[in-house]
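Analysis of the macromolecular model
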Amino acid sequence: MPLFLNDEQTMLRETARDFVSENAPIAHLRRLRDTHDGTGFDRGLWRQFAELGFTGILIGEESGGLGLGHVEAGVVLEEIGRNLSPSPFLTTAVAAVAALEGSPQAERWYPGILAGETVAALAIDEGAKHRSGVAMRAERAGNGFRLTGAKQFVTHGHVADLLIVAVRTAGSTEDAEGVTLFVVPADAAGLTSTPERLADTSIAARLTFEGVELDGDAVLGEVDGGRAPLERLLHAGRVGASAELLGVGGGAMDMTTDYLRQRKQFGVAIGTFQALQHRAAHLYAEMEVARAAVLKAQQLLDAGADQADGAVSLAKAMSGLATTLSVQEGVQMHGGIGMTDEYDIGLFMKRARVLAEMFGDANFHADRLARGRGY
Amino acid sequence: MSDLDTFRAETRAWLEENCPAEMRKPVVSEKDVVWGGRDQSRMTPPQKTWLDRMAARGWTVPDWPEDYGGGGLSPAETKVLREEMTRIGARNPLNSFGISMLGPALLKYGNEAQKLEHLPKIARGDIRWCQGYSEPNAGSDLASLATSAEDAGDHFLVNGQKVWTSYADQADWIFCLVRTDRATKQGGISFVLFDMASPGVSTKPILLISGYSPFCETFFDDVKVPKANLVGELNKGWDVAKYLLGHEREMISGMGLSGGGNALIEGALATVGVDADGRLADPLLRAQIALYEVRATAFAAQSERFIDELKAGRAHPAQPSMMKYYGTELNKARHELAMAAGGSDAIEWESERSSGGRAARAWLRTKANSIEGGTSEIQLNIVAKRILELPG
Ligand SMILES: Cc1cc2nc3c(=O)[nH]c(=O)nc-3n(C[C@H](O)[C@H](O)[C@H](O)COP(=O)(O)OP(=O)(O)OC[C@H]3O[C@@H](n4cnc5c(N)ncnc54)[C@H](O)[C@@H]3O)c2cc1C
């Protein structure tokens, strides 16, 4: 398979680009922010996503979806990134759909996701930095389980209809086995959710579980064997966040190069200055390299290849590095105007920071790759 | 089975049977690289066998037309061949400026007689070529070159000096930029080919900081060049030159990929050791290596994408500049890390255990990567102007 988009994927990109830039451009994000919207995204827009079939990209045709892959999901995510559109697409239509795949819960939740009614949130992180270990515990109680502990950085956690929660049912924090995934309804007794607005105006919740009682059928996959669905979730989430990062980094880069062509100082366009040209060209190179790493990971994941795991970490690390550079150079090369709230470049910087942290930052993934290679 | 699967199976079987065991070992020194040329005594018997067998199938230049000594393979088949060679660790049968630079330029700009004369010899490795572009006063500003070719009826008379001519002392022929009109800069340059054995050609080696000296100053004193050896039109050599440079940059960008395998990591583990958790005991070096590996592995994906796009005619014509810039800067970074990992062992210069200072010499040699074929600064200029379309 060649490493570029085929004709159908290119057409999908055009559809997504037109739709997102028309219906959810940066002004949309500003409006949500300035009206202190408490949801964090627009439910009407989420339903429109469904009408276009986007929410079913990763859902099999037999379940009413489009039966496409991570390349196609990434095409949509990149446009979301480029327009800084707040959307539950990544958590719900990508990561949660991947986690639910093949389970009895899929039948229960896919229709709502396909209709653009249901929102999912992922309760994975327990500290300020993403880690592979799981400490939060569940004990057996009657036919089911009782969950106690806390999660944080749960995007849309305050409005989600279902929460996918990684919990330890055996062993200790770093063990690979002994983790169970639970699908927890938002209104479960003993669950408290505290929404916090983040720098990019999105909302993520801190969740506290105080003896939350669940039936056995809340288990996603096998008891103590939650690594398999968790891995599907993380792969989808990581490669998806990488694609969104490409959109953010690419959008910031385009804004910056446009500015270099227009802004005049000393009687000439600042883009004529070689110091800036070289930095812009270097940035372009980093973004292209990141783009290749992301596409490669998406293709390997879609092919179910063994190398997908490493490729996904690579994609997240590289897109994090490149996009971080893009937004930093973006603000700097805009000069003073880049520091103003009125101008958009700063919004790219904030969004990049959040996405870079999500599902593990570049250091986390570089470390993971290094361990995989035995050092 | 699809045609491509059949092709893969046949290729795999053929390579298994025909690639000598010695040609599946990693390249460690200059001696392992085959350049071909009139003086075939430089090749070991397995090197010669491997080259002859591959050349007989046209697989030294798999995607060139069969009429010119190529394999006539499609882009997809060429990719399969490359993958199958990588799978068994097969060495490149032939390294050659003819293949990577002159050949593509002749295919595009040469006349039929020139193609039939030169391309099959390049494919077989019969003639070794060198590149006569740079001059003492024309480096980055290549178009200011002064070496002149005067019209002398049926031939040109070439006079002047080139510099940095890689392997000029071992090459059989040169592709050379000459001035045929002084009135305009780019518009007065022509592209000619001639035999290095022609009377009036002489070379003088240049010693590099690494101790290597395959680079030369090259002098031309009333060298007679038949007019039939002019490629493209008179005074339109700059187009040929630029097209060829694109291919040179593409080739050089591959250096960012030469770090394959675990050599860097193994070297660091050997000198620095591991901590209680089994990780490299120098955490800062470990972090630097890990972040380098992220970029290098991502660049490998980008190289694959670049080739796929190129073959499909989708790559921006200035893209080789980006690849050359990134690949060479990466290669330099890898050698810096290898030196840090090797510690005092790596700085030994002549000792036997350092194989004559292999690490240090290789490290120093890589510093030229971001200079030869156009400096990193020039590549960035090109990306800024031609891809990002910045003004000025
Ligand atoms: C090992 C080696 C092998 C080589 N092999 C060959 C060969 O086989 N054939 C051949 O013809 N040539 C060869 N070259 C020559 C090579 O192409 C030139 O060295 C190169 O193009 C740079 O030219 P220069 O050395 O004159 O440096 P200069 O052009 O003098 O550059 C000096 C510095 O100024 C910078 N600079 C110059 N112009 C600009 C600008 N416009 N903007 C920003 N910075 C600028 C450069 O980037 C560099 O940092 C080789 C060089 C080396 C080192």
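Structural data are supplied above this passage.
Notes on the structure follow. In this text, all values refer to a predicted model and were calculated from it rather than measured experimentally.

1. Regarding the overall build of chain B
On a plain count of helices and strands, chain B comes out with 11 helices and eight strands. Scored against the burial criterion, the 392 residues of chain B give a buried share of 50%. Counting only contacts in chain B whose residues sit at least 6 apart along the sequence, the fraction spanning at least 24 positions is 70%. Taking the average place of the 45 positive charges on the side chains of chain B and the average place of its 52 negative ones, the gap between the two points comes to 2 Å.

2. Observations regarding the interface of chain A and chain B
The interface of chain A with chain B comprises 40 residues on the first partner and 41 residues on the second. Both sides together, the interface formed by chain A and chain B hides about 3,600 Å², and carbon and sulfur atoms give 63% of it. Contact with chain B buries surface across chain A, with A:Phe4, A:Arg373 and A:Tyr375 losing the most and accounting together for 21% of the total. The salt bridge involving A:Asp367 is made with B:Arg279; its shortest N-O contact spans 3.9 Å. Counting every contact that joins chain A to chain B gives 18 residue pairs in polar contact (both at pLDDT 80 or more). Elements supplying a minimum of two residues to the side of chain A that touches chain B: helix 7 (227-262), helix 8 (274-302), helix 9 (308-334) and helix 11 (362-372) of chain A. Examining the composition of the side of chain A that touches chain B, we find that 15 residues originate from one element, helix 8 of chain A, more than from any other. Partitioning the side of chain A that touches chain B into residue classes produces 22 nonpolar, nine polar and nine charged.

3. Some remarks on the pairing of strand 3 (residues 144-155) of chain A
All names here are of chain A. As defined by bridge partners, strand 2 (residues 137-141) adjoins strand 3 across five bridges and the pair is classed as antiparallel. Within strand 3, the position partnered with Arg140 by the bridge is Phe145. The loop that links strand 2 with its antiparallel partner strand 3 comprises two residues; one of these, Gly142, has a positive phi angle of about 60°. Here nine bridges tie strand 3 to strand 7 (residues 203-214), and the two strands are oriented antiparallel to one another. Directly across from Arg146, in strand 7, lies its bridge partner Glu213.

4. Quick word on the site of the ligand
Around the ligand sit 19 residues in total, of which B:Ser134, B:Ser140, B:Trp164, B:Ser166 and B:Thr375 are the nearest. Those residues lying near the ligand are distributed over chains A and B. Contact distances for the ligand include 3.3 Å between a nitrogen atom and a side-chain N or O atom of B:Asn381. Of all the elements in the fold, those that place two or more residues in the shell around the ligand are strand 3 (155-166) and helix 11 (376-387) of chain B. Its residues assigned to classes, the shell around the ligand comprises six nonpolar, 10 polar and three charged.

5. Considerations on helix 8 of chain A
Residues and elements named next belong to chain A. Taking 1.5 Å of rise per residue, 29 residues should cover 42 Å, and helix 8 covers 42 Å from first to last C-alpha, within 8% of that figure. Where burial is concerned, most of helix 8 is hidden: 22 out of the 29 residues are buried. Of the residues flanking the end of helix 8, it is Gly304, one or two places downstream, whose phi is positive at about 65°.

6. Overview of the nonpolar core
Grouped burial of nonpolar side chains is what soluble globular proteins tend to show. The biggest cluster of nonpolar side chains holds 156 residues, and the ones touching the most others in it are A:Phe49, A:Phe89, A:Leu147 and A:Phe182. The element best represented in this core is helix 8 of chain A, accounting for 15 residues. The contacts of A:Phe89, once residues within four sequence positions are left out, are A:Trp46, A:Phe49, A:Phe54, A:Thr55, A:Ile57, A:Ala73, A:Val76, A:Leu77, A:Ile80 and A:Val94. One finds B:Trp64, B:Leu94, B:Ile127 and B:Trp173 within the second-largest nonpolar core, a separate group that totals 37 residues.

7. Topic: the packing of aromatic side chains
Tallied over the entire structure, the rule returns 22 aromatic pairs over all chains. When the ring of B:Tyr167 is compared with that of B:Phe215, the centres are 6.5 Å apart and the planes differ by 40°; the resulting orientation is tilted. With B:Tyr167 in the loop between strand 3 and strand 4 (173-179) and B:Phe215 in strand 7 (residues 215-226), this residue pair connects regions lying 48 residues apart in the sequence. Grouping residues by exposure puts B:Tyr167 and B:Phe215 together as buried. Members of the aromatic cluster, joined through ring pairs, are A:Phe19, A:Trp46, A:Phe49, A:Phe54 and A:Phe89. Taking the ring centre of B:Trp59 as reference, the NZ or CZ of B:Arg57 above it sits at 4.6 Å.

8. Considering unusual backbone geometry
With phi around 75°, A:Thr201 is a residue other than glycine that occupies positive phi space. Within the secondary structure layout, A:Thr201 lies in the loop between strand 6 (191-197) and strand 7. Overall, A:Thr201 belongs to the buried group, its relative accessible area being 11%. Backbone geometry places B:Ser355, a non-glycine residue, at a positive phi of 50°. Within the element layout of this structure, B:Ser355 appears in the loop between helix 9 (319-346) and helix 10 (358-366). Given a relative accessible area of 46%, B:Ser355 falls into the partly exposed group.

9. Section: the layout of surface pockets
Considered as a void within the structure, the second largest pocket measures approximately 830 Å³ in volume. Forming the boundary of the second largest pocket are 29 residues, of which A:Arg13, A:Glu288, A:Arg291, B:Arg305 and B:Glu309 lie nearest the centre. Counting residues per element, the ones that place at least two in the lining of the second largest pocket are helix 1 (7-23), helix 4 (70-82), helix 7 and helix 8 of chain A together with helix 8 (283-311) of chain B. Sorting elements by how many residues they give to the lining of the second largest pocket places helix 8 of chain A first, with seven residues. Grouping the amino acids of the lining of the second largest pocket by side-chain chemistry returns 13 nonpolar, six polar and 10 charged.

10. Points about the side chain of A:Thr91
All names here are of chain A. Note that Thr91 resides in helix 5 (residues 89-100). Polar side-chain contacts of Thr91 include one of 3.5 Å to the side chain of Thr92. Non-local contacts of Thr91, meaning those with residues more than four positions away in its chain, are made with Ala96, Ala120, Leu122, Thr155 and His156.

Criteria and thresholds
- Residue numbers run consecutively from 1 along every chain, following the written order of its sequence.
- For naming, the first written chain is A and the first written ligand is 1, with later ones following in the order written.
- Where local features are concerned, this predicted model is filtered to residues with pLDDT of at least 70; where side-chain atom pairs are given and counted, the filter is 80 or more; whole-chain, interface and lining totals use all residues.
- Only hydrogens and water are set aside when side-chain values are computed; all heavy atoms of the structure are taken into account.
- Secondary structure elements follow DSSP: runs of H or I no shorter than four residues count as helices, runs of E no shorter than two count as strands, and numbering proceeds from the N terminus.
- Exposure categories follow from relative accessible area, calculated using a 1.4 Å probe and restricted to protein chains: below 20% of the type maximum is buried, above 50% is exposed, and the middle band is partly exposed.
- Throughout, a contact is declared for two residues whenever any of their heavy atoms are within 4.5 Å.
- The charge count includes Lys and Arg as positive and Asp and Glu as negative, but it does not include His or the ends of the chains.
- Working definition for charges: the position is that of NZ of Lys, CZ of Arg, CG of Asp or CD of Glu.
- Buried surface area refers to the total accessible area, computed with a probe of radius 1.4 Å, that the two partners give up upon joining, counted for both partners together.
- We count a salt bridge whenever a side-chain nitrogen from Lys or Arg sits within 4 Å of a carboxyl oxygen from Asp or Glu.
- As used in this structure description, the phrase polar contact means that two N or O atoms lie within 3.5 Å; if the pair is within protein, one of them must be able to donate a hydrogen and the other to accept it, and residues adjacent in sequence are counted only when both atoms belong to side chains.
- For this classification, the nonpolar set comprises Ala, Val, Leu, Ile, Met, Phe, Trp, Tyr, Cys and Pro, the charged set comprises Asp, Glu, Lys and Arg, and every other residue, Gly included, is treated as polar.
- Two strands are said to pair when DSSP picks up at least two bridges between them.
- Throughout this document, a residue counts as near a molecule or strand when at least one of its heavy atoms sits within 4 Å of that molecule or strand.
- Expected span of a helix, by definition, is 1.5 Å for each gap between consecutive residues, and there is one gap fewer than residues.
- To qualify as a nonpolar core, a set must consist of buried Ala, Val, Leu, Ile, Met, Phe, Trp, Tyr and Cys residues joined through side-chain atoms within 4.5 Å.
- Each Phe, Tyr or Trp ring, with Trp reduced to its six-membered ring, pairs with another whose centre is within 6.5 Å; inter-plane angles below 30 degrees give stacked pairs, above 60 give edge-to-face pairs, and intermediate values give tilted ones.
- The criterion is that NZ of a Lys, or CZ of an Arg, lies within 6 Å of the ring centre and within 35 degrees of the ring normal, and then a charge sits over that ring.
- Buried and open spaces are told apart on a 1 Å grid over the protein atoms alone, a cavity being a set of points where a 1.4 Å probe fits but cannot get out and a pocket being an open set with protein on both sides within 12 Å along at least five of seven lines. Residues with an atom within 4 Å of a point are the lining residues.
- Grid points are joined across faces, edges and corners, and a volume is the space filled by probe spheres set on the points.

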